[in-house]
Amino acid sequence: MLRLLRTHLALRSAALVLLIVGSVGLVFLSVATHITEKAERERQTARLNELLDTVESTASIAAFLGDRQLASELVRGLLKNRTVAGVTIRAGDVLLASASEAADDAAGLSTIQREVRSPFNPAETVGTISLLPNEAEIHSEVESASRFITLLLAVQLLCIGVGVVLVVVQLITRPILKISRRLHSLRAESGDKLTSPRGNEQDEIGRLVRDVNALIDYLINILDKERTLRIQREMDERQFQTIFENAETGIFLIDETGTLLSCNPAFKRIFGLSQYDSPERRQLQLAGLVGSSREDMQHLIDQCLDNGRANSQDIALPDAGGNSRTWINVVLSAVENSRLQGVVNDITERKLVEETATELATTDPLTGLLNRRGFELRLEAMIQLCRRDASHGFALLMLDLDLFKAINDTYGHQAGDAALVHIATILTRSLRKTDVIARLGGDEFVVLLDGMQAPQSIALTVEKLLAQMDAPIPLGGGIEAQLGLSIGVAVFARDASDISSLLEAADQAMYAAKQAGRNTYRFHTPPPGE
C-alpha cells in the first residue's frame with residue numbers, strides 16, 4: 001500500500017484529501033453533536049412547559065377546591081406523556097395528588113415546578129404543580145436527533161471528499177499521467193513535441209507542456225551543436241594525427257616524473273628509439289635519453305612544473321664516445337593533470353654554424369689558437385669561476401718571442417709566420433688540454449694555467465717551455481733560426497683581481513724577464529710601497 005501511495009499521485013492525493021476531510025469532519029461532528037444535544041434538551045424543556053401551560057387552569061381549579069379526585073385524574077393524564085416521569089399537585093401544604101412512572105430514576109432529576117393561581121384572583125396562589133422530566137426518554141430523543149445529524153454530516157463530508165478526489169484525478173493527475181506516457185514514447189531527436197490535454201491549453205498544465213517543448217527545443221539545439229563540435233573534433237584529431245605522425249619535429253608527452261607517455265615517429269628517430277615499439281611499455285625517462293645532459297633536461301622539467309609556462313633549452317646529445325655530436329632544442333609546456341607536452345627539433349646544423357662563426361671570431365687564423373677576443377672570453381669565464389669558488393685559481397703567462405723581428409727582417413714575413421706556427425705547436429704540445437693558449441697579435445702569446453697558484457708548479461711548467469726553445473726552429477727551405485721566450489707570470493687574486501690589472505701585472509713581469517737577459521721568466525713583483 002505504501003508503495004502504491006509513493007508511486008501514484010492520484011492515490012496519494014485522494015488519501016490526503018480524505019484524511020483532511022475526515023479530520024475536519026470529526027471536529028465538525030463533535031461540535032454538531034454537542035449543539036444538537038443542547039438544542040434537543042431545550043426543546044424537551046419547552047414542551048414540558050407547554051404541557052404545564054395546557055393543564056394549568058385545571059390544576060388551579062383542583063387546588064382552589066381541594067378536589068383530590070380532579071387532581072388525581074390530572075396527574076394520570078400528565079403521566080401518559082412519555083417525557084413526564086412524575087407529577088405532584090399541592091394545595092398550599094396539602095398534597096392533593098402525586099404519582100411517578102420511575103420512582104427509582106426520579107432522584108436527582110431537575111423538577112419543573114410552577115405556582116397555581118386562583119381561577120378567580122390571579123394574584124392569589126392556591127397551590128403548586130411539579131413535573132419530573134423522564135430523563136431516559138429525553139436522552140433517547142437527543143441521541144436519535146444526534147445520530148440523524150451525524151449521518152447527514154458524514155454523508156455530506158463523504159460526498160465532498162469523493163468530489164474533491166474526482167476533481168483532482170480528472171483535472172490534475174489524469175492530464176499529468178497523459179503527459180508522462182507521451183514523454184515515454186516521445187522521440188525528441190526527431191522533432192516530436194508534447195500536446196496539451198484537452199481543456200488544459202491555457203492553465204498551468206498547458207504551461208508545463210509549453211515549457212517542456214521549449215526544453216526539448218533547447219536540448220535539440222545543444223545536441224546539434226554537440227554533434228557539429230564532435231564531427232569537427234574528429235576532423236581536427238585526424239588532422240592532428242596526420243601532422244603528429246608525419247611531422248619532422250619530435251612531439252611527445254611526459255608526466256610530472258619525466259616518464260615518456262607518448263611520442264611521434266620523429267621523436268623516436270631523433271633519440272634512436274625506432275627499435276622500440278612502445279615507449280610506454282619501457283617506462284622511458286626523458287632525462288635518461290640525453291646521457292650526460294641529464295641534469296640540464298631535469299632542470300628544464302622542474303622549471304616548467306614550477307612556473308607553469310613554456311620553457312626551452314638547447315641540449316647536447318653525446319655519442320657513444322661521450323662527444324657532443326647532436327644538438328636538440330626542447331620546448332616544454334604544462335598541460336592538465338601535471339603533464340607536460342613538448343616538441344624537440346634537431347638543431348645540430350645551426351649549432352655547427354654558430355660554433356663555426358664563434359670559432360672564426362675567436363680563433364687566430366695563422367696558428368689556430370685563440371685570438372684576443374677568444375682569450376678575453378675565456379679569461380672572463382675563469383675569473384667568474386674563481387669568484388664562485390675561492391679555492392680555484394689560475395696563473396697568466398705573458399710570452400714574447402726574443403729575436404723574432406730579426407727573422408722577419410732577414411727572411412721575410414713568410415718565415416716569421418712559420419716561426420709563429422712552430423711556437424704555437426710547441427705551446428700546444430707542452431701544456432695541458434685544460435690550459436688556455438692564445439696569440440694576441442704579432443709575436444705576443446698568452447697562456448692561462450688553469451688551477452695553478454703555487455709558484456713551484458708554475459715554475460716547472462715555465463721551465464719546461466723554455467727548454468723546448470733550445471732547439472732551432474725550422475723556417476722552411478732548409479733555414480733554421482734560434483728564438484727565445486721572455487715570460488712574465490701573474491697569479492689571479494694574489495697579483496690582481498680584474499682583467500686589466502692582471503694583464504698589466506703579467507706584462508710588467510714579462511718586461512722584467514727581457515731586461516734580465518731574455519729566454520727567461522719572472523713572477524710579478526709589486527713595486528716598492530705597494
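Look up: the structure comes first, before these words.
Quick summary incoming for the structure in this document.

Rules of the game
- Residues numbered from 1 in each chain as written.
- Predicted model: local features only at pLDDT ≥ 70, side-chain atom pairs only at ≥ 80, totals over all residues.
- Heavy atoms only, no water.
- Helix = DSSP H or I, 4+ residues; strand = E, 2+ residues; numbered from the N terminus.
- Buried < 20%, exposed > 50% of the residue type's maximum accessible area, 1.4 Å probe, protein only.
- Contact = heavy atoms within 4.5 Å.
- Areas by Shrake-Rupley, 256 points an atom, 1.4 Å probe, with all protein chains shown as cover.
- Axes fitted to C-alpha atoms, helices over the stretch in contact; angles between N-to-C directions.
- Parallel < 35°, antiparallel > 145°, perpendicular 65-115°, else oblique.
- Left-handed = near helix turned anticlockwise from the far one by under 90°.
- Nonpolar A, V, L, I, M, F, W, Y, C, P; charged D, E, K, R; others polar.
- Salt bridge = Lys/Arg side-chain N within 4 Å of Asp/Glu carboxyl O.
- Pairing = 2+ DSSP bridges.
- Phe/Tyr/Trp six-rings, centres within 6.5 Å; stacked < 30°, edge-to-face > 60°.
- Polar contact = N/O pair within 3.5 Å; in protein donor to acceptor, adjacent residues only side chain to side chain.
- Patch = residues over 30% accessible without salt bridge, like charges linked within 9 Å, V, L, I, M, F, W, Y side chains within 5 Å.

A word on the overall build of the protein chain. The secondary structure content of the protein chain amounts to 14 helices and 16 strands. Expressed as a percentage of the 530 residues in the protein chain, the buried residues total 36%. A separation of at least 24 residues holds for 55% of the contacts in the protein chain among residues at least 6 apart in sequence. Only carbon and sulfur atoms are counted for the fraction: they give 54% of the accessible area of the protein chain, which is about 31,400 Å².

Packed helices, taken two at a time, are described by their axes: the angle between them and the distance between them. For the pair helix H12 (residues 413-430) and helix H13 (residues 455-468), the least separation of the axes is 10 Å and the interaxial angle reads 140°. Between H12 and H13, the crossing angle belongs to the class labelled oblique. Judged by the twist between their axes, the crossing of H12 over H13 is right-handed. Mapping the contact onto sequence places Ile426, Leu427, Arg429 and Ser430 in H12 and Lys464, Leu465 and Gln468 in H13. Of the residues assigned to the contact of H12 with H13, the class counts are three nonpolar, two polar and two charged.

Between side chains of opposite charge, a pair can form when the charged atoms approach closely. Counting across every chain of the model gives eleven salt bridges. The salt bridge partner of Arg114 is Glu56, with a shortest N-O separation of 3.5 Å. One end of the pair, Arg114, is in strand E3 (residues 112-117); the other, Glu56, is in helix H2 (residues 9-65), and 58 residues separate them in sequence. For Glu56, a relative accessible area of 28% corresponds to the partly exposed category. The closest approach of N and O atoms between Arg432 and Asp435, which form a salt bridge, is 2.6 Å. On the basis of relative accessible area, Arg432 is assigned to the partly exposed category, the value being 38%. Via salt bridges that share partners, Asp53, Glu56 and Arg114 belong to a single interconnected network.

A sheet is described by the order of its strands in space; here four strands give the open sequence E2-E1-E4-E3, paired in antiparallel fashion. Each end of this open sheet is capped by a strand with a single partner; those strands are strand E2 (94-100) and E3. Averaged over all neighbouring strand pairs, the angle between strand axes comes to 15°, with direction disregarded. As paired strands, E3 and strand E4 (residues 125-133) are joined by six bridges and run antiparallel to one another. If you follow Arg117 over to E4, its bridge partner there is Thr125.

Despite not being glycine, Leu403 shows a phi value in the positive range, around 70°. With respect to the secondary-structure elements, Leu403 resides in the loop between strand E10 (394-402) and helix H11 (404-411). Residue Ala493 is not a glycine yet carries a positive backbone phi of 80°. Its place among the elements puts Ala493 in the loop between strand E15 (484-491) and helix H14 (499-515). Ala493 gets classed as exposed once you look at its relative accessible area, which sits at 55%.

Read from one edge of the open sheet, five strands run E11-E12-E10-E15-E16, paired in mixed fashion. The outermost strands of the open sheet, each flanked by one partner alone, are strand E11 (436-441) and strand E16 (520-523). Averaged over all adjacent pairs, the angle separating strand axes in this sheet is 20°, with direction ignored. The sheet contact formed by E15 and E16 spans four bridges and is parallel.

This brings us to the pairing of strand E12 (residues 444-450). Most of E12 is tucked away: five of the seven residues are buried. Relative to E12, E10 is paired through seven bridges, and the arrangement is antiparallel. The residue bridging Asp400 from the neighbouring strand is Glu444, located in E12. Pairing of E11 with E12, which is carried by five bridges, proceeds in the antiparallel orientation. Along E12, the bridge assignment pairs Arg439 with Phe445.

We now examine the packing of aromatic side chains. Scanning the model with the defined rule gives five aromatic pairs in all. Judged by centre distance (4.6 Å) and plane angle (40°), the ring pair of Phe267 and Phe271 falls under tilted. Here Phe271 and Phe267 lie together in helix H6 (residues 265-271), a separation of four residues that amounts to about one turn. Note on Phe267: relative accessible area 0%, which makes it buried. Ring geometry for Phe394 and Phe492: centres 5.2 Å apart, planes at 10°, overall stacked. Here Phe492 lies in the loop between E15 and H14 and Phe394 lies in strand E10, a separation of 98 residues in the sequence. For Phe394, a relative accessible area of 0% puts it in the buried group.

What follows concerns the environment of Phe445. Positionally, Phe445 belongs in strand E12. By relative accessible area, Phe445 is classed as buried at 1%. On a C-alpha basis, the gap between Phe445 and Leu401 in space is 8.4 Å, while along the polypeptide they are 44 residues apart.

A few words now on the side chain of Ser293. Structurally, Ser293 is set in the loop between helix H7 (279-282) and helix H8 (294-307). Among the polar contacts made by the side chain of Ser293, one reaches the main-chain carbonyl oxygen of Ala316 at a distance of 2.8 Å. Beyond its immediate chain neighbours, meaning those up to four positions away, Ser293 contacts Ile315 and Ala316.

A word on the packing of helix H10 (residues 372-388) against H14. Put simply, H10 and H14 touch, their axes get as near as 11 Å, and they point 110° apart. Considering their axes alone, H10 and H14 lie roughly perpendicular with respect to each other. From H10, Phe375, Leu379, Glu380 and Ile383 reach across to H14, where they touch Ile499, Leu502 and Leu503. The class makeup of the residues in the contact of H10 with H14 is six nonpolar, no polar and one charged.

Together, Ile20, Val24, Val27, Phe28, Val31 and Ile35 make up an exposed nonpolar region whose accessible area comes to about 570 Å². Here Val24 is to be found in helix H2.

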